[in-house]
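As a plain string of letters, each chain reads:
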Amino acid sequence: MAGTLFIVSTPIGNLADFTERAREVLAQVDVVAAEDTRTTGRLLDSAGVRARLLSYHDHNEESRTVQLLERLLDGDNVALVSDAGTPLISDPGYRLVKACHEAQVPVVPVPGASALLAALVVAGLPTDRFLFAGFLPAKGKAREQALEQLAAEPVTTVVYESPRRLVSLVEGLCQQCGGERQVVLCRELTKRFETVISGSLADLAARLATDSDQLRGEMVLVLSPAPAARTADADLVPLARLLLAELPVSRAARVLAQWTGRPRAEMYRMLEAL
Ligand code: SAM
């Protein structure tokens, strides 16, 4: 009989969020596949759990998947954990879960903390539909395109970001969405300096410029949905032409983006076409 793969969530900061069931499973399985064995080792020590750890990270995911699948098919039970939160959410594990499905090895979730849902539920933005965008590309054209796409999303969007790039993210979103779009910065969730800042993109940019504490720690940005277009394209053409007569395309695009609530890049393309 094949063993079972358990996908086990661990705390994202507050150790009291380590669930009873997670501890039991980690103590009972034959091996715990961990993103960083030292980080997980410290967590398990603090919880008094003894387990056999094996590394499973971005750089050995392919070879380890084969090894772990063999063990599972031999009947071993395996738990997968990441450094913090829920595995597979901007963390490794997808390959292993897919391989288990293909080999008909059971996969069982042991749910718990995730920065994604923790941020979403305190953001005060619509939760009926949402998009998880993970980490955006770090720079260049790919980042610009990602920002442009985010700006046009008609649903609440959750983004993970590193403190080093937070200012650039907020500035980029200001350009694409206009400064009025609502956003929520969720920082250090479940930890001592937990902070949730809700307001417009322009307000957040101003706060970041004067309060460098907001650039520290772990953070999630939750962006409100793009407003439904106030005006159809055809209706915009007369205004677009007037603006083009008075302003360079980029400034006309900014005005139109603010007026319609639509991405600046989209307005720019429409103006160029005119
Ligand atoms: N798998 C994890 C999860 O379930 O949330 C996420 C792993 S991802 C590599 C790490 C990112 O998650 C951080 O850079 C940050 O964006 C977010 N994050 C993790 N812990 C957080 C916390 N306590 N508060 C805010 N964001 C956090």
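Preceding this section is the structure that the text describes.
What this report covers is the structure whose coordinates are included nearby. (Residues numbered from 1 in each chain as written. Predicted model: local features only at pLDDT ≥ 70, side-chain atom pairs only at ≥ 80, totals over all residues. Heavy atoms only, no water.)

Focus on the overall build of the protein chain
Within the protein chain, the regular secondary structure consists of 11 helices and 10 strands. Referenced to the eigenvectors of the C-alpha coordinate spread, the extents of the protein chain come out at roughly 75 × 40 × 30 Å. Per-residue burial over the protein chain gives 45% buried out of 274 residues. For the protein chain, the share of sequence-separated contacts (at least 6 apart) that also reach a separation of at least 24 residues comes to 69%. A total accessible area of about 14200 Å² is found for the protein chain, and carbon and sulfur atoms account for 51% of it. Looking at charge distribution, the protein chain has the averaged site of its 29 positive side-chain charges lying 4 Å from that of its 34 negative ones. (Helix = DSSP H or I, 4+ residues; strand = E, 2+ residues; numbered from the N terminus. Buried < 20%, exposed > 50% of the residue type's maximum accessible area, 1.4 Å probe, protein only. Contact = heavy atoms within 4.5 Å. Areas by Shrake-Rupley, 256 points an atom, 1.4 Å probe, with all protein chains shown as cover. Lys, Arg positive; Asp, Glu negative; His and termini not counted. Charge placed at Lys NZ, Arg CZ, Asp CG, Glu CD.)

Re the nonpolar core
Within soluble globular proteins, side chains that are nonpolar tend to cluster in buried spots. The biggest cluster of nonpolar side chains holds 21 residues, and the ones touching the most others in it are L173, L185, L201, L204 and L221. Where this core is concerned, the elements lending two or more residues are α6 (140-152), α7 (166-177), β8 (182-187), α8 (201-210) and β10 (219-223). Counting residues per element, this core draws most heavily on α7, which supplies 6 residues. Excluding its chain neighbours within four sequence positions, the residues that come into contact with L173 are L147, L150, G178, L201, L221 and L223. (Core = buried A, V, L, I, M, F, W, Y, C linked by side-chain atoms within 4.5 Å.)

Quick notes on the layout of surface pockets
Taken as a whole, the largest pocket encloses approximately 470 Å³ of empty space. Along the wall of the largest pocket there are 24 residues; nearest its centre are A84, A115, F135, Y160 and E218. Taken together, the residues of the lining of the largest pocket sort by class into 11 nonpolar, 6 polar and 7 charged. Here the lining of the largest pocket spans two domains, since at least three of its residues come from each of domain 1 (5-113) and domain 2 (116-226). Of the volumes computed, that of the second largest pocket is approximately 290 Å³. In terms of lining residues, the second largest pocket is bounded by 15 residues, among which E144, E148, Q175, Q176 and R264 are the most central. For the lining of the second largest pocket, the secondary structure elements donating two or more residues are α6, α7 and α11 (264-273). (1 Å grid on protein atoms, 1.4 Å probe; cavity = no way out; pocket = protein on both sides within 12 Å on 5 of 7 lines; lining within 4 Å. Points joined across faces, edges and corners; volume = space filled by probe spheres on them. Nonpolar A, V, L, I, M, F, W, Y, C, P; charged D, E, K, R; others polar. Domains from an automatic or database assignment.)

Quick look at the pairing of strand β4 (residues 78-81)
Taken residue by residue, a regular strand's side chains alternate between the two faces of the sheet. A two-sided burial pattern is seen for β4, the buried positions comprising V78 and L80 on one face and A79 and V81 on the other. For strand β1 (residues 5-8) and β4, the ladder comprises 3 bridges, and the chain directions are parallel. By the bridge assignment, I7 is partnered in β4 with L80. Judged from the 4 bridges that link them, strand β2 (residues 31-34) and β4 form a sheet pairing that is parallel. Its bridge partner being in β4, A33 is matched across the sheet by L80. (Pairing = 2+ DSSP bridges.)

What to know about α11
Listed as buried for α11 are R264, A265, M267, M270 and L271. Looking at the packing, one finds that the buried side of α11 touches α6, α7, α9 (233-246) and α10 (249-260).

Considerations on the environment of S114
By the element assignment, S114 lies in the loop between β5 (107-110) and α5 (115-122). According to the relative accessible area criterion, S114 is buried, its value standing at 11%. Separated by 83 residues in sequence, S114 and V31 place their C-alpha atoms 23 Å apart. Residues in contact with S114, not counting those within four places in the same chain, are I12, G85, T86, I89 and Y160.

Some thoughts on the packing of aromatic side chains
How two aromatic rings sit relative to each other is given by the distance of their centres and the angle of their planes. Using the criterion set out here, one finds 2 aromatic pairs in the structure. Aromatic side chains F135 and Y160 sit 5.6 Å apart centroid to centroid with 65 degrees between the ring planes, which places their arrangement in the edge-to-face category. Taken together, the residues span a long stretch of sequence, with F135 in strand β6 (residues 130-135) and Y160 in strand β7 (residues 156-161) at a distance of 25 residues. Taken together through their ring pairs, the aromatic side chains of F132, F135 and Y160 make up a single cluster. (Phe/Tyr/Trp six-rings, centres within 6.5 Å; stacked < 30°, edge-to-face > 60°.)

Here we look at the site of the ligand
Taken together, 19 residues lie around the ligand, and I89, D91, A115, Y160 and M219 are the ones closest in. Between the ligand and I89, the relevant distance is 2.8 Å, taken from a nitrogen atom to a main-chain nitrogen or oxygen of the residue. Between the ligand and D91 there is a distance of 2.8 Å, counted from a nitrogen atom to a side-chain nitrogen or oxygen. According to the grid-proximity analysis, the pocket containing the ligand is the largest pocket. When contributions to the shell around the ligand are tallied by element, the ones reaching two or more residues are β7 and β10. Class assignment of the residues belonging to the shell around the ligand gives a composition of 10 nonpolar, 4 polar and 5 charged. Both domain 1 (5-113) and domain 2 (116-226) contribute no fewer than three residues apiece to the shell around the ligand. (Near = heavy atom within 4 Å. Polar contact = N/O pair within 3.5 Å; in protein donor to acceptor, adjacent residues only side chain to side chain. Sits in = over half its atoms within 2 Å of the grid points.)

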